[in-house]
2 protein chains.
Amino acid sequence: MPRREEPDIPEARLIPEATVARLPLYYRALLEIADQSIGTVSSEQLAELAGVNAAKVRKDLSHLGSYGTRGVGYDVEHLVGEVSRELGLTRDWPVAILGLGNLGRALANYRGFGARGFRIVALVDADPDKVGQAVGDLTIEPVEALSSIVAQRRVAIGVIATPAPAAQAVADRLVAAGVASILNFAPTVVVVPPEVTLRKVDLATELQILSFYQQHRRRVPDRARV
Amino acid sequence: MPRREEPDIPEARLIPEATVARLPLYYRALLEIADQSIGTVSSEQLAELAGVNAAKVRKDLSHLGSYGTRGVGYDVEHLVGEVSRELGLTRDWPVAILGLGNLGRALANYRGFGARGFRIVALVDADPDKVGQAVGDLTIEPVEALSSIVAQRRVAIGVIATPAPAAQAVADRLVAAGVASILNFAPTVVVVPPEVTLRKVDLATELQILSFYQQHRRRVPDRARV
DNA sequence: CAGCGCTTGTGACCGCGTGCACAAGCGCGG
DNA sequence: CCGCGCTTGTGCACGCGGTCACAAGCGCTG
Ligand SMILES: NC(=O)c1ccc[n+]([C@@H]2O[C@H](COP(=O)([O-])OP(=O)(O)OC[C@H]3O[C@@H](n4cnc5c(N)ncnc54)[C@H](O)[C@@H]3O)[C@@H](O)[C@H]2O)c1
Ligand SMILES: NC(=O)c1ccc[n+]([C@@H]2O[C@H](COP(=O)([O-])OP(=O)(O)OC[C@H]3O[C@@H](n4cnc5c(N)ncnc54)[C@H](O)[C@@H]3O)[C@@H](O)[C@H]2O)c1
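Analysis parameters
Residues numbered from 1 in each chain as written. Chains lettered and ligands numbered in written order. Predicted model: local features only at pLDDT ≥ 70, side-chain atom pairs only at ≥ 80, totals over all residues. Heavy atoms only, no water. Helix = DSSP H or I, 4+ residues; strand = E, 2+ residues; numbered from the N terminus. Pairing = 2+ DSSP bridges. Contact = heavy atoms within 4.5 Å. Axes fitted to C-alpha atoms, helices over the stretch in contact; angles between N-to-C directions. Domains from an automatic or database assignment. Near = heavy atom within 4 Å. Polar contact = N/O pair within 3.5 Å; in protein donor to acceptor, adjacent residues only side chain to side chain. Areas by Shrake-Rupley, 256 points an atom, 1.4 Å probe, with all protein chains shown as cover. Nonpolar A, V, L, I, M, F, W, Y, C, P; charged D, E, K, R; others polar. Least-squares fit on C-alpha atoms with pLDDT ≥ 70 in both. Buried area = accessible area lost by both parts, 1.4 Å probe. Salt bridge = Lys/Arg side-chain N within 4 Å of Asp/Glu carboxyl O.

**Some details on unusual backbone geometry**
Residue and element names in this part refer to chain A.
Then comes step 1: The backbone of Ser37 sits at a positive phi, close to 55°, despite the residue not being glycine.
Then comes step 2: If you check the backbone angles, Arg154 has positive phi at about 55° while not being a glycine.
Then comes step 3: With respect to the helices, strands and loops of the structure, Arg154 is situated in the loop between α6 (146-153) and β8 (157-160).

If you want it as structure tokens, here you go:
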């Protein structure tokens with residue numbers, strides 16, 4: 001079990017980690033529903049669209065407060081607002097991409113990226129040949145400028161797309177510059193101070209997990225499915 | 001709790017899902033150790049490299065069998081063999097990439113992809129303008145050819161990198177063609193039959209989770225960290 | 001060959017997450 | 001205004017996963 005530290009802090013409304021991980025699913029489903037000008041939605045319908053269980057939807061949403069109406073369902077517009085607020089999507093989150101190789105460029109060119117408040121404000125690479133190149137609306141800048149870039153553009157999230165050996169050093173620079181949220185695509189363990197949130201996306205791991213289940217050819221547990 | 005079906009099947013040695021998800025971490029750490037010509041490794045050292053707890057390492061590895069020696073540790077070479085065997089990395093896994101846009105091309109050009117038995121054998125796109133284009137050593141083929149491609153090249157894993165609206169249709173085609181393992185990068189819920197393993201990588205979800213913790217500025221639980 | 005130090009393997013405990021099932025409660029129709 | 005149907009919100013029980021702590025066991029040394 002994850003050790004919950006800071007037991008003294010009251011921490012008003014704490015939302016379970018598992019719920020946090022599902023909020024984006026609900027958010028996406030809610031936007032689809034809102035597009036169809038549907039006013040209210042039941043937990044059953046939302047569960048269907050988000051690919052989860054209805055009871056879980058209700059319990060998850062109850063952590064945000066009681067915004068549903070019994071016998072009717074949830075007001076879609078209101079719920080979208082509550083979920084976005086909880087996820088912090090009402091704010092603007094400046095993002096920096098570190099490492100502009102195959103993956104970094106794909107991320108930089110990805111339109112859907114900036115769709116919900118995540119705005120790419122800097123592209124940083126260590127390769128002098130790459131510095132100065134334009135990618136979309138931005139120009140690649142040197143790593144030495146990272147610290148001032150983060151400060152001036154209020155970078156909140158750093159996305160690491162460098163080769164694995166460089167990842168820790170890049171993460172250290174990000175942390176030193178004051179970035180408190182990092183998404184790491186490099187296949188290596190990166191250590192950050194406890195106050196920094198680090199998440200990872202690891203293609204090799206995903207493939208190997210698929211490989212395991214394929215080899216053992218047994219049904220993969222529900223949780224691992226969408 | 002995930003519903004475990006097939007209670008009648010004996011299922012000799014069943015490895016917990018959480019353990020399976022960590023095996024790739026151990027595998028990566030073991031390769032690093034093997035590179036340094038180190039003969040044995042303790043659970044403590046392995047835990048350090050994999051970024052997990054030593055007790056967890058021991059319990060995880062005990063599920064593969066008792067390959068350690070008390071007072072000494074684990075034989076690195078032997079353990080690499082056991083973990084690869086368990087993960088199915090001793091086999092060759094032909095992979096097809098569906099959708100050759102920004103992301104699909106990045107994946108197709110990714111060298112580290114084929115490093116451990118995962119070999120890209122087909123690139124498929126629905127856009128007639130893209131069909132026939134060369135990407136690396138391969139040529140983009142039309143979706144209509146998918147079924148015969150899967151059969152002839154023994155495609156085991158399908159990677160979906162199409163826009164979200166096309167993802168379900170592509171998944172359906174893959175399943176119909178006999179692919180039993182799918183990795184989905186499109187930000188949408190994809191439904192597959194229970195015998196098919198589906199995993200997803202969702203950038204928007206990851207960013208939104210980071211956004212949540214950043215906004216609530218509290219320490220993220222250990223499990224979410226690397 | 002006995003003792004010692006080190007490391008594994010695991011028993012025990014505990015909390016989180018999940019799903020069931022139902023009471024509470026809202027709105028509508030008669 | 002009453003009752004009925006529908007949906008939420010949640011109490012409860014259960015199992016998985018995580019951690020601790022220690023007994024078991026291996027090898028080395030004297
Ligand atoms: N390409 C993919 O599809 C893919 C998929 C999954 C994971 N990954 C991982 O993502 C990372 C990037 O992959 P890629 O294919 O884009 O690699 P790449 O070699 O094409 O690009 C890496 C980039 O990082 C830059 N770089 C190196 N050191 C740096 C530093 N210290 N600071 C800033 N920039 C630095 C390089 O100059 C280069 O531009 C790798 O760790 C890879 O394993 C890639
Ligand atoms: N680009 C990124 O960095 C990135 C990151 C995370 C997630 N994604 C997701 O990955 C997917 C692809 O992103 P992208 O930026 O490469 O998009 P893209 O538009 O550049 O490429 C999509 C490709 O899919 C092809 N396609 C469309 N319908 C198809 C079908 N039915 N069968 C086969 N191919 C089809 C298109 O012709 C196109 O080549 C999207 O769902 C996106 O949300 C992209």
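Next, the rest of the story.
**Looking at the sheet that holds strand β7 (residues 138-142) of chain B**
Then comes step 1: Taken in spatial order, the seven strands make up an open sheet running β6-β7-β5-β4-β8-β9-β10 (chain B), and their pairing is mixed. Across the chains shown, the open sheet's two edge strands, defined by having one partner strand only, are β6 (134-135) and β10 (197-200) of chain B.
Then comes step 2: Set on the sheet, helix α8 (residues 203-216) of chain A makes contact with β4 (93-98), β5 (118-125), β8 (157-160), β9 (181-184) and β10 of chain B; between it and β9(B) the angle comes to about 160°.
Then comes step 3: Of the strands in this sheet, β4, β5 and β7 of chain B touch helix α6 (residues 146-153) of chain B, which is tilted by about 165° from β5(B).

**Topic: the domain arrangement of chain A**
Then comes step 1: Split by domain assignment, chain A resolves into domain 1 (17-86) and domain 2 (93-205).
Then comes step 2: Placing the centre of domain 1 of chain A and that of domain 2 of chain A at their C-alpha centroids yields a distance of 31 Å.

**A look at the site of ligand 1**
Then comes step 1: A:Leu103, A:Asp125, A:Lys130, A:Thr162 and B:Tyr110 are the nearest of the 23 residues found near ligand 1.
Then comes step 2: Residues within reach of ligand 1 are spread across chains A and B.
Then comes step 3: Contact distances for ligand 1 include 2.5 Å between an oxygen atom and a side-chain N or O atom of A:Asp125.
Then comes step 4: For ligand 1, the accessible surface in isolation is 820 Å², of which the surrounding protein chains cover 82%.
Then comes step 5: Elements represented by at least two residues in the shell around ligand 1 include exactly α5 (102-109) and α7 (164-177) of chain A together with α5 (102-109) of chain B.
Then comes step 6: Here the shell around ligand 1 is built from residues that sort into 16 nonpolar, four polar and three charged.

**So, the relation of the copies chain A and chain B**
Then comes step 1: Superposing chain A onto chain B takes a rotation of 180° plus a shift of 0.0 Å along the axis, which leaves an RMSD of 0.0 Å. Both copies are brought into coincidence by an operation consistent with a two-fold rotation axis. For chain A, the smallest separation between a C-alpha atom and the rotation axis is recorded for A:Ala106, amounting to 3.2 Å.
Then comes step 2: Comparing interface residues between copies, 100% of those in chain A also sit at the interface in chain B, which points to an isologous, same-surface contact.

**Some words on the interface of chain A and chain B**
The parts lose accessible area when they come together, and the size of an interface is often stated as this lost area.
Then comes step 1: Taken together, the contact pairs 76 residues of chain A with 77 residues of chain B.
Then comes step 2: Both faces considered, chain A and chain B share a buried interface measuring about 7800 Å² in area, 58% of it formed by carbon and sulfur atoms.
Then comes step 3: Counting every contact that joins chain A to chain B gives four salt bridges.
Then comes step 4: Taken together, the connections running from chain A to chain B amount to 22 residue pairs in polar contact (both at pLDDT 80 or more).
Then comes step 5: When contributions to the side of chain A that touches chain B are tallied by element, the ones reaching two or more residues are α1 (17-35), α2 (43-50), α4 (76-87), α5, β9 (181-184), β10 (197-200) and α8 of chain A.
Then comes step 6: It is α8(A) that provides the largest number of residues to the side of chain A that touches chain B, a total of 13 residues.
Then comes step 7: In terms of residue class, the side of chain A that touches chain B is built from 43 nonpolar, 13 polar and 20 charged.

**With respect to the site of ligand 2**
Then comes step 1: Around ligand 2 sit 23 residues in total, of which A:Tyr110, B:Leu103, B:Asp125, B:Lys130 and B:Thr162 are the nearest.
Then comes step 2: With respect to ligand 2, its neighbouring residues span chains A and B.
Then comes step 3: Residue A:Tyr110 places a side-chain N or O atom 2.4 Å away from an oxygen atom belonging to ligand 2.
Then comes step 4: Interatomic distance of 2.9 Å between a backbone N/O atom of B:Asn102 and an oxygen atom of ligand 2.

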